[in-house]
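Geometric and topological summary
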Amino acid sequence: MLIINTATGCGFTPQYEGIEKLYEKYHGQGFEVLDFPCNQFMNQAPGSDEEIHSFCTAKYKTRFDQLAKIEVNGENEEPLYSFLKSAQPEEEISGFANKAAMKMMSALSSSTKKAGDIRWNFTKFLVDREGNVVKRFAPTEIADKLESHIKSLL
């Protein structure tokens, strides 16, 4: 399972396309995607749950599960995200450009206050069939970089 906090007005929103392709390719083998819109990062998911869902299905043809908008950091954070962050408190960030982008996003995020907090939209968690959180991916990691990890768990 891949669990993602997303936003429709983010520079990473086009990642929906690659995530949907992974879902289509591996769903028959038990792969699931849980999409949690989140408006905590520069208000990039401002619409209602229905508006966000309509946008994603129309523009990116998403078919995976999109749930209600949540908070991923702070006093109102969803308990699922408390669990995910405690299991995988940091993501690996490779490449100078990705490291620079993540540093900038962290500086812009008013909800990122402590170690392990989600730093931006499209942070991804990979969970195995037993519920173990096996990997955390930075927002800059695109779907192609996730595929080998997903295949290894199926």
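Because the structure is predicted, anything quoted here is derived from the model rather than measured.

Cut-offs and rules
- Residues numbered from 1 in each chain as written.
- Predicted model: local features only at pLDDT ≥ 70, side-chain atom pairs only at ≥ 80, totals over all residues.
- Heavy atoms only, no water.
- Salt bridge = Lys/Arg side-chain N within 4 Å of Asp/Glu carboxyl O.
- Helix = DSSP H or I, 4+ residues; strand = E, 2+ residues; numbered from the N terminus.
- Buried < 20%, exposed > 50% of the residue type's maximum accessible area, 1.4 Å probe, protein only.
- Phe/Tyr/Trp six-rings, centres within 6.5 Å; stacked < 30°, edge-to-face > 60°.

**Digging into the pattern of salt bridges**
In this structure the tally under the stated criterion is seven salt bridges. Here Lys21 ties to Glu17 by a salt bridge, and the two come within 3.7 Å at their closest N and O atoms. Here Glu17 and Lys21 lie together in helix H1 (residues 15-26), a separation of four residues that amounts to about one turn. For Glu17, a relative accessible area of 42% gives the class partly exposed. Across the salt bridge formed by Glu24 and Arg63, the nearest N and O atoms sit 4.0 Å from each other. Remark: Arg63 occurs in the loop between helix H2 (49-59) and strand S3 (65-66) and Glu24 occurs in helix H1; sequence separation between them is 39 residues. Through salt bridges with shared partners, one network takes in Glu20, Glu24 and Arg63.

**So, unusual backbone geometry**
Positive phi, normally seen in glycine, also occurs at Lys61, with a value near 55°. One can find Lys61 in the loop between H2 and S3.

**Topic: the packing of aromatic side chains**
Where two aromatic rings form a pair, the distance of their centres and the angle of their planes describe that pair. Under the defined criterion, the tally for this structure stands at eight aromatic pairs. When the centroid spacing of 6.1 Å and the interplanar angle of 90° are considered together, the rings of Phe36 and Tyr81 count as edge-to-face. Taken as a pair, Phe36 in strand S2 (residues 33-37) and Tyr81 in helix H3 (residues 79-87) lie far apart in primary sequence, 45 residues in all. The residues Phe36 and Tyr81 share a single accessibility class, namely buried. By way of ring pairs, the aromatic residues Tyr16, Tyr23, Phe55, Tyr60, Phe64 and Phe122 are connected into one cluster.

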